[in-house]
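Structure at a glance
Residue strings, one per chain:
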Amino acid sequence: MTLLDKGDKPTGGGRTGEPLVVLDGVNKWYGDLHVLQDINLSVREREVVVVIGPSGSGKSTLCRTINRLETIDSGSITLDGQLLPQEGKALANLRAEVGMVFQSFNLFAHKSILENVTLGPIKVRGQGKAEAETRARELLDRVGVGHQADKYPAQLSGGQQQRVAIARALAMNPKVMLFDEPTSALDPEMIKEVLDVMVDLAEGGMTMIVVTHEMGFARTAADRVIFMADGAIAEENDPESFFTNPQSDRAKDFLGKILKH
């Protein structure tokens, strides 16, 4: 079963849908450090883009600029044709369209799993409690933790908490999902259960931008791989071409190091 019903997703042109997220000439500095250098990236509706690269290459910063958790110094970012607002209610409304799953699960410890998933739809979307709870239970079932709905985050494993975090993001019916190294805080046996949920999501047609070290996921689930180095996009290609025949020396060096292990 995929995680999306047909009604959850705007109909587009399959994997060749319209551009949904567009970064145009994006630059960001931390003091003298140029962490994002003239980033140009267009992600189409229903496309799965995986961003990989060495630590410190700007991957997470790139991901966090797309819902303005990080500001940019120049360039522009648009979501579904609209420029990212600077602040205020317009920014809050836009963030509701962008689901984000972090390295840490960021669940509210004092709220039950069900409450964690229904909070956004009730407070931001204005859904009624009964409707929000029905949808939340459906999503929790789909990510395999429906039987944990009445528990609190501390009672769940890391893998279960991350699957709750994915359900929480999906409950807002976002246009795009951002994943910032969603498995890097997990024990090895928990990684697969989270990646399985993400693969289902990709197969269901969700637009996804995924920063990850999981090369198996990149090879099997991505439509396109973006390789970053030193704050810039050094290479991009389909997974098969990238992994079997990288073009840049930086990518060859990176793959040579990680694929030997």
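Quick caveat: nothing in here was measured; it's all calculated off a predicted structure.

1. Notes on helix α9 (residues 249-258)
- Within the span of α9, buried status applies to Ala251, Phe254 and Leu255. Within α9, the buried residues cover an arc of 95 degrees as seen down the axis, which keeps them to one side. Opposite the buried face of α9, at more than 90 degrees from it, the exposed residues are Asp249 and Lys257.
- Structurally, α9 contributes buried residues whose contacts are with β3 (48-52), α7 (215-221), β9 (224-229), β10 (232-237) and α8 (239-244).

2. Regarding the sheet that holds strand β5 (residues 82-83)
- Pairing is antiparallel across the open sheet formed by 4 strands, whose spatial order is β2-β1-β4-β5. Of all the strands in the sheet, the pair left with one neighbour each is β2 (33-44) and β5.
- Strand direction decides the pairing type here: strand β1 (residues 19-30) and β2, joined by 8 bridges, are antiparallel. Within the sheet, the bridge partner assigned to Tyr30 lies in β2 and is Leu33.

3. Structural notes on the nonpolar core
- Core analysis: the biggest nonpolar cluster contains 50 residues, and Ile52, Leu140, Ile166, Met177, Phe179, Met198 and Met208 have the highest contact counts within it.
- Ranked by residues supplied to this core, first place goes to helix α6 (residues 188-203) with 8 residues.
- In contact with Met177, not counting residues within four places along its chain, are Gly99, Val101, Ile166, Ala169, Leu170, Leu201, Met206, Thr207, Met208 and Ile209.
- By size, the runner-up hydrophobic cluster in this structure holds 27 residues, among which are Ile66, Val176, Ile209 and Val211.

What counts, and where the lines are drawn
One numbering rule holds for all chains: residues counted from 1, following each sequence as written. This being a predicted model, a pLDDT of at least 70 is required before a residue's local features are given, and a value of 80 or more before pairs of side-chain atoms are given or counted; all residues contribute to the totals for chains, interfaces and linings. The side-chain values count all of the structure's non-hydrogen atoms but skip hydrogen atoms and water molecules. Think of it in three bands: residues with accessible area under 20% of the maximum for their type are buried, residues over 50% are exposed, and the middle band is partly exposed, with areas taken using a 1.4 Å probe on protein chains only. To qualify as a helix, a DSSP run of H or I must reach at least 4 residues; to qualify as a strand, a run of E must reach at least 2; elements of each kind are numbered from the N terminus. Directions from the helix axis toward the C-beta atoms define the arc. Residues count as neighbours in contact if any of their non-hydrogen atoms are within 4.5 Å of one another. Whether two strands pair depends on DSSP finding at least two bridges between them. Side-chain atoms within 4.5 Å are what join buried Ala, Val, Leu, Ile, Met, Phe, Trp, Tyr and Cys residues into a set we call a nonpolar core.

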